[in-house]
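# Descriptive analysis of the structure
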Amino acid sequence: MEVLEGVNGMNREICELLKKVYPLENEEKCRKRFVGRRFRNTAAAAVAMVFFALVITLRPAGEGKIGEGGRVARPEFGSSRLELLAECGGTVRPVEFELPARRRSQEEVQELLDRAEGILGERILGDNPSLQEVTGDLVLLDSLAEYDIEIEWKTGNRELISGDGSVHNMELKQPQEVTLTARMYYGETVRECDYYVCVQPYPYTQEELLLRELYEEIETCGEETAKQHYIKLPESLNGNEIVWQEEKGNILGIVVLLGIVLIAAVYSRESVALRKKKREREEEMLIDYPEFLSRFILLTGAGMTVRAAWEHMLSDYKKSGRKRYVYDEMKHTMAQLEVGMPELRAYEEFGRRCALLPYLRFTTILTQNLKKGSAGIAALLRMESEEAFSERKNQARRKGEEAGTKLLLPMGGMLLIVFVLILVPAFASFPV
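Residues numbered from 1 in each chain as written. Predicted model: local features only at pLDDT ≥ 70, side-chain atom pairs only at ≥ 80, totals over all residues. Heavy atoms only, no water.

## Some words on the confidence of the model for the protein chain
Summarising the model, the protein chain shows a mean pLDDT of 78, and 83% of its residues fall at 70 or more. Mean pLDDT in the protein chain bottoms out at helix H3 (residues 106-113), which sits at 58, and peaks at helix H7 (residues 325-338), which reaches 89. This stretch, residues 1-9, has a pLDDT under 50; its non-local contacts, to residues over four places away or in other chains, come to 12 contacts. Taken together, the stretch residues 116-122 has pLDDT below 50 and engages in 21 contacts with residues farther than four places along the chain or on a different chain. (pLDDT = per-residue confidence, 0-100. Helix = DSSP H or I, 4+ residues; strand = E, 2+ residues; numbered from the N terminus. Contact = heavy atoms within 4.5 Å.)

Okay, structure coming up:
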């Protein structure tokens with residue numbers, strides 16, 4: 001794959017991170033691998049987002065609630081709540097209504113009523129203060145599931161009170177009484193109760209008036225197909241064609257938004273992982289510095305030259321089979337020395353690649369040794385070793401403090417649990 005971003009195009013910070021994390025690998029190969037991995041992950045996330053968006057957008061119409069010819073299947077028992085969108089006159093409006101089950105034959109009704117028990121509890125008042133001050137919808141139950149009782153309502157004025165209890169009083173000028181009749185089926189008994197309702201005028205907006213007319217059309221269509229397995233939705237209202245749609249919410253928008261977030265997260269994932277690896281590298285090199293310096297002082301104090309001590313430490317590292325960043329940097333430096341680079345420059349580049357203050361001090365001491373001779377280098381190295389071990393102790397202390405801070409939350413949770421275990425039984429034992 002072609003390199004998508006060169007040294008100039010790629011973020012300079014990323015280039016520096018790649019050099020530090022992969023010091024022994026070719027820079028160009030590292031850049032190609034990083035850019036390729038980031039491109040593949042980002043492209044995969046984008047393809048997944050587009051796929052899910054297409055699946056949601058191109059869902060077959062047959063999977064929804066509205067079938068061919070505006071037919072909506074009725075439930076076998078009880079009722080179902082329909083939430084649709086009605087496009088009429090160029091405006092889309094949400095419409096919600098209860099769709100009852102199909103009316104069964106007398107034999108079927110008798111079979112259902114045989115299982116009915118209990119008594120009828122009726123609550124038709126709703127939010128109205130009394131039946132003589134009705135301004136809002138009434139609660140006309142079509143069944144009592146807990147008693148298996150079916151209720152059938154009749155209204156003396158369907159234009160004012162619909163069979164579902166909806167009150168349409170937006171055009172009412174004077175209070176008007178309406179008789180509601182509830183026919184209750186219980187076993188072999190049919191009982192009729194009359195309720196005298198006084199509907200009061202109530203101001204409605206024009207939009208609510210249009211919705212009222214739409215609900216009436218739905219109710220009329222429901223009556224016409226009451227014995228069918230479906231309801232035929234109205235096709236027009238006041239001369240305007242009605243286009244029915246299912247309310248799908250903003251699923252597509254949410255998918256697109258989540259897809260964009262996913263793509264951004266995947267795109268930045270490699271950079272975040274690279275920064276994390278750089279922090280781990282620096283922490284590891286700081287931890288290894290006291291041991292590295294002690295071994296170097298021991299070998300040079302035994303009479304070895306700087307280069308001989310360097311080679312001996314690398315030889316021991318190869319035998320150990322471990323993977324440590326500081327020794328990988330030493331291998332890089334040794335490779336530079338073997339191809340003819342001067343020791344002074346090789347040690348200086350070692351310090352720059354490590355990019356940590358202790359290693360910069362160490363390379364400064366080595367370069368001074370090469371420039372001015374070995375006089376005093378042992379004392380400088382011992383002082384550096386003492387300071388390194390002191391810093392190692394401080395670092396261990398900081399790590400311990402951070403660990404203690406992280407434990408505060410779980411310890412607080414455990415303390416709360418202990419309080420609950422002690423106090424709840426104590427309060428429960430008190431006499432009421």
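## A word on the nonpolar core
Across soluble globular proteins, you tend to see nonpolar side chains buried next to one another. Among the nonpolar cores identified, the biggest contains 32 residues, and Phe292, Phe296, Trp310, Phe350, Tyr359 and Phe362 are the most heavily contacted of them. Among the elements of the structure, helix H5 (251-301), helix H6 (306-320), H7, helix H8 (343-354), helix H9 (357-372) and helix H10 (377-406) are those that each provide at least two residues to this core. Top contributing element to this core by residue count: H5, with 7 residues. In this structure, Phe296 is in contact with Val306, Ala309, Trp310, Met313, Phe362, Leu366 and Leu381, ignoring residues within four places of it in sequence. (Core = buried A, V, L, I, M, F, W, Y, C linked by side-chain atoms within 4.5 Å. Buried < 20%, exposed > 50% of the residue type's maximum accessible area, 1.4 Å probe, protein only.)

## Concerning the sheet that holds strand S9 (residues 236-237)
Strand order in the open sheet made by the 4 strands is S3-S2-S10-S9, with antiparallel pairing throughout. Here the strands that pair on one side only, and so sit at the sheet edges, are strand S3 (91-100) and S9. The sheet contact formed by S9 and strand S10 (residues 240-246) spans 2 bridges and is antiparallel. In the strand pairing of S10, Leu237 is matched with Asn240. Across the face of the sheet, helix H4 (residues 206-224) comes into contact with strand S2 (79-88), S3, S9 and S10 while running at roughly 40 degrees to S3. (Pairing = 2+ DSSP bridges. Axes fitted to C-alpha atoms, helices over the stretch in contact; angles between N-to-C directions.)

## With respect to the environment of Val50
Counting through the fold element by element, Val50 comes out in helix H2 (residues 27-57). Relative accessible area serves as the criterion here: at 43%, Val50 is assigned to the partly exposed category. Taking the C-alpha atoms as reference points, Val50 and Gly259, separated by 209 residues in sequence, lie 8.1 Å from one another.

## What about the pattern of salt bridges?
Following the criterion strictly, the structure yields 18 salt bridges and no others. We note a salt bridge from Glu282 to Lys278, for which the minimum N-O separation is 2.6 Å. Taken together, the residues span about one helical turn, with Glu282 and Lys278 both in helix H5 at a distance of 4 residues. Residues Arg361 and Glu384 are paired through a salt bridge, measuring 3.0 Å at the closest nitrogen-oxygen approach. Placement of the pair is Arg361 in helix H9 and Glu384 in helix H10, with a sequence separation of 23 residues. Taking relative accessible area as the criterion, Glu384 reaches 5% and is therefore assigned buried. (Salt bridge = Lys/Arg side-chain N within 4 Å of Asp/Glu carboxyl O.)

## Some remarks on H4
Given a rise of 1.5 Å per residue, 19 residues ought to cover 27 Å, and the 27 Å separating the end C-alpha atoms of H4 matches this to within 8%. Turning to H4, its buried residues are Leu209, Leu211, Arg212, Leu214, Ile218, Glu219, Cys221 and Gly222. Where H4 is buried, its residues contact S2, S3, strand S8 (230-232), S9 and S10. (Expected span 1.5 Å × (residues − 1).)

## Some points on the packing of aromatic side chains
Within this structure, the stated rule accounts for 11 aromatic pairs. For the ring pair Tyr289 and Tyr359, a centre distance of 4.9 Å and an interplane angle of 65 degrees mean the geometry is edge-to-face. Of this pair, Tyr289 sits in helix H5 while Tyr359 is found in helix H9, placing the two residues 70 residues apart along the sequence. A centroid spacing of 5.2 Å and a plane angle of 40 degrees characterise the contact between Trp310 and Tyr347, whose relative ring orientation is tilted. Of the two residues, Trp310 is situated in helix H6 and Tyr347 in helix H8; the sequence distance between them amounts to 37 residues. Overall, Trp310 belongs to the buried group, its relative accessible area being 0%. A residue is classified by how much of its surface remains accessible, and Tyr347, at 1% relative accessible area, is buried. One aromatic cluster in this structure is built from Tyr289, Phe292, Phe296, Trp310, Tyr347, Phe350, Tyr359 and Phe362. (Phe/Tyr/Trp six-rings, centres within 6.5 Å; stacked < 30°, edge-to-face > 60°.)

## Looking at a nonpolar patch on the surface
A grouping of Leu415, Ile417, Val418, Phe419, Leu421, Ile422, Leu423 and Phe427 is seen on the molecular surface, where their side chains present a nonpolar patch of about 810 Å² in accessible area. Topologically, Ile422 is positioned in helix H11 (residues 408-428). (Patch = residues over 30% accessible without salt bridge, like charges linked within 9 Å, V, L, I, M, F, W, Y side chains within 5 Å. Areas by Shrake-Rupley, 256 points an atom, 1.4 Å probe, with all protein chains shown as cover.)

## Thoughts on the side chain of Arg281
Positionally, Arg281 belongs in helix H5. Beyond its immediate stretch of four places on either side in the chain, Arg281 contacts Lys20, Val21, Tyr325, Glu329, Arg353 and Cys354.

## With respect to the environment of Glu13
Note that Glu13 resides in helix H1 (residues 12-21). Separated by 262 residues in the primary sequence, Glu13 and Arg275 have C-alpha atoms spaced 9.5 Å apart.

## Remarks on the pairing of S3
Pairing analysis gives 10 bridges linking S2 to S3, with the strands arranged antiparallel. In the strand pairing of S3, Leu85 is matched with Pro94. Hairpin remark: S2 followed by S3, antiparallel, with 2 residues in the connecting loop; positive phi at Gly89, about 65 degrees.

## Let's talk about H7
The terminal C-alpha atoms of H7 lie 20 Å apart, and with 14 residues this matches the ideal 20 Å at 1.5 Å per residue to within 8%. In terms of burial, H7 is a largely internal element, 10 of the 14 residues being buried. Residues of H7 that are buried include every one of Tyr325, Val326, Tyr327, Asp328, Glu329, Met330, Thr333, Met334, Gln336 and Leu337, and no others. Looking at the packing, one finds that the buried side of H7 touches H1, H5, H6, H8 and H9. Positioned one or two residues after H7, Gly340 has a phi angle of 105 degrees, which is positive.

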